[in-house]
Every structure is written in C-alpha cells, then in structure tokens.
Amino acid sequence: MMSYEIDPKGVTLTPEQARSRRLRNIAIGLVIGALVVLFYVVTIVKIGPGVTKPPI
Amino acid sequence: MSVIDDSSAGASGFAAISVAEPRDYLALVKPRVMQLVVVTALAGILLAPHPVNFVIGLSSLLCIAVGAGASGALNMWYDADIDALMRRTSKRPIPTGRITRSETLTFGLVLSCFAVVTLYLVANALAAGLLAFTIFFYVVIYTMWLKRSTPQNIVIGGAAGALPPIVGYAAATGHVGLAPLVLFGLIFAWTPPHFWALALARTGDYGNAGVPMMPNVKGADHTRLEILVYSVILAAIGLLPYAFGFASIVYGIVSLVLGVEFVRRAVLVFRVREGDAANKTAMRLFWFSIIYLYVLFAELLVERVLFVIGALR
C-alpha cells in the first residue's frame, strides 16, 4: 500500500489538463448525441412503416 | 490535508491526470487505415444484388469502420514498445506519452464491443460475427502472434485487412457470396507487395525493433522476388471482378492498365538493387500500390452507385 496526501480543496488542474479535459468532454458529448440520433433513426427504419398502422 | 492509502494509484499518484485530446484518440484508430476499410467495406455493401436500406447500409459501414479503429487502438496498445523504436510510429500517442497503455486498451475494447454489438442489432449475426473475427484476427493472430514471430506476418495477417468487403456484403445480404470473396483475394494479394515495398526502404527501422519482416529475415533480393510474384498474382486477381461479371469492361480496362503498371514497377524494384535508387524505387511502388487499390475500388464504387440509383428508379 502506498500513501498519498490529498488537498481537501481537490486537485488543481494545469491549464493544459483543463483544456484537454474540456475538449474530451465536448467530444464525448458530440459522440453521445450522434449515437442517440443514429439509434433513433435505425429504430424507426427497423420498425418500418407499420409503426404508424397499429393493428386494431 | 488528509492521507489515504491506494495501492491502485500510479507512482505519480493523483498528479497523473490525462492530457490526451480528442485528436490523440483519433490517432489511435489509425484514420488512414480506416479510410481504406471504409472504401472496401462500402464496395462489399454495394455489391449486394438488391440495394440495402440507406440508413442500415450507412450504420453498418460506421460499425465496420469503428471495428477497424478498435483493432488499430488495440494494435497500438500491444505494440507500444516497438512503436517507440521506429521512426514511422514513434510519434503515436503512447510513445509520446499523451495516452497511457491502459487508457488505450480500455478505449479499444469499448470500441470493439460497441462495433460488434451495434452491427448485430443494425444488420445481422453473421456480419457481427465476421467483424468480431476480423478484430480477433488482427489483434491476436497478427499483432500478438505473427508480427514478431515470422516473416510471413503480413501475408497471413493480411487476411484481417481483406475481410471488410465480406463483412459489408454480409451486413447487406445476410450471407457471403463470390463477389466479396474476390475482393478479399484482391486485398489479400495486394498486402505483401505493399508492405514489403515499405519494408525494403525501412529495413533498419524494422531491424531495430526486432520485427522479422521479409527483408530482415530472407534478405532484400528474396523479398524483391516475392514482391514480383505477388504483383503478377495481384494483377491477375484484379481482373476477376470483370471476368466474373460484377464489374464492367471499363473496370476491366482500368484494372488491366494499372495491373501492368504495378508489375512494371515491381520489375523495377527487382532490378534496381543498389543504393538510394533502390529505396526510391521501392517507395514508388509503395505509393503506387495505394493508388492502385483506391482507383480500382473507386471505379467499382462508381459502377455500383450507378447500379443502385438505376435499381431505385
């Protein structure tokens, strides 16, 4: 076991770390958004036109 | 201040916060290889006798591309040690310290699972199984086993790079046909002259890294002979799409002209064996091999797009 001292205020990021983390967050957000659109469109296509004509 | 114990933390403790940017992750998926996979898989999708739904086709293509990217990331995870020793690969994200190996492994595994599962949901089990096999073959059979153990590494390992047209065709049709198998053979025969031309000009690099490429093991002259043999085989296979009737006479003429030029350049590599001129001749064949494959597939794609447009009218 190794011991580490933790500042109760948390870790202070360097400008480079903060910038790269912001860019990663933006990229993850864009990818998730694109996946939501992709899965929605694929689901609609898979269901087909029958979704608008439910059996009575 | 408080003190905690954490055996899982690295030697640098909590100071090791990633500075990796999205472009570093993009580099992990080998965008150039991915481009080629997209082109060849798209050809497989478009070769389907009946046009596939646009959304399903596009989603399948995306899954195949992501699967190829995952393979690239897992390759960089495993080969980080030798990548650092070669000029061509020393600027990759792990050797430069921008991404750790464990981050790369996680990234590659997540992408692999995502690509295979999504392709199963979007297309079918056969396509998903073939994509999983492609990733397994590239990472385990080629990267972990063949690459460091035999000069036939890129010959056998080339099967992984040749599979995308079959995966694409399977995604579009649910089975495997003759046409994608021919494209598999085309890429399979293309791989040895392509990589050995590069290896001839980079013998020192591969030697330093301990990778048993053909020129390092069997010698440059033997490699030149094998390049010539594979080039002749490649030129012949290049004509098969026309011979089997799933490409037009225009494709036939283009593949004939490019095939003859490919063999001519391979003959030059075979004859020019000394000094800087030998390296330049090999690199010219390397670059031409890329043009050869892209032009043939581009021609095939144009034909199939026209076919699909005609079928939808």
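Shown above is the structure to which this text applies.
To start, this report covers the structure provided alongside it.

What counts as what
Residues numbered from 1 in each chain as written. Chains lettered and ligands numbered in written order. Predicted model: local features only at pLDDT ≥ 70, side-chain atom pairs only at ≥ 80, totals over all residues. Helix = DSSP H or I, 4+ residues; strand = E, 2+ residues; numbered from the N terminus. Buried ≥ 20, exposed ≤ 12 C-beta atoms within 10 Å, placed from the backbone. Expected span 1.5 Å × (residues − 1). Axes fitted to C-alpha atoms, helices over the stretch in contact; angles between N-to-C directions. Parallel < 35°, antiparallel > 145°, perpendicular 65-115°, else oblique. Left-handed = near helix turned anticlockwise from the far one by under 90°. Contact = placed C-beta atoms within 7 Å. Nonpolar A, V, L, I, M, F, W, Y, C, P; charged D, E, K, R; others polar.

Considerations on the environment of Arg23(B)
Part 1: Structurally, Arg23(B) can be placed in helix H1 (residues 22–28).
Part 2: Taking the number of C-beta atoms within 10 Å as the measure of exposure, Arg23(B) has 12 and is therefore exposed.

Description of helix H1 (residues 15–47) of chain A
Every α-helix winds through 3.6 residues per turn, so residues three or four apart in the chain are directed the same way.
Residue and element names in this part refer to chain A.
Part 1: Its 33 residues give H1 an end-to-end C-alpha distance of 48 Å, which sits within 8% of 48 Å, the value for a rise of 1.5 Å per residue.
Part 2: Summarising burial for H1: one of the 33 residues are buried, a small minority.
Part 3: Of the residues one or two after H1, glycine 48 is the one with positive phi, at around 80°.

Quick word on the packing of helix H6 (residues 125–145) of chain B against helix H7 (residues 153–162) of chain B
All names here are of chain B.
Part 1: Taken N-terminus to C-terminus, the directions of H6 and H7 make an angle of 160°; their axes are 8 Å apart at the nearest point. Taken together, H6 and H7 sit at an angle that is classed as roughly antiparallel. At the point where H6 passes H7, the crossing takes the left-handed sense. Across from Thr134, Phe137, Tyr138, Ile141 and Tyr142 in H6, the residues of H7 making contact are Asn153, Gly157, Ala159 and Ala160.
Part 2: Class assignment for the residues of the contact of H6 with H7 results in six nonpolar, three polar and no charged.

Notes on the packing of helix H3 (residues 54–78) of chain B against H6(B)
Two measures define how a pair of helices packs: the angle their axes make with one another and the distance between the axes.
Residues and elements named next belong to chain B.
Part 1: Close contact between H3 and H6 brings their axes to 10 Å; oriented N to C, the two are set at 20°. Here H6 runs roughly parallel to H3, going by the angle between their axes. The chirality of how H3 crosses H6 is right-handed. Contacts between H3 and H6 involve Ser60, Cys63, Ile64, Gly67, Ala70, Ser71, Leu74, Asn75 and Tyr78 on the former and, on the latter, Ala127, Leu131, Thr134, Ile135, Tyr138, Val139, Thr143 and Met144.
Part 2: Residue composition of the contact of H3 with H6, grouped by class: 11 nonpolar, six polar and no charged.

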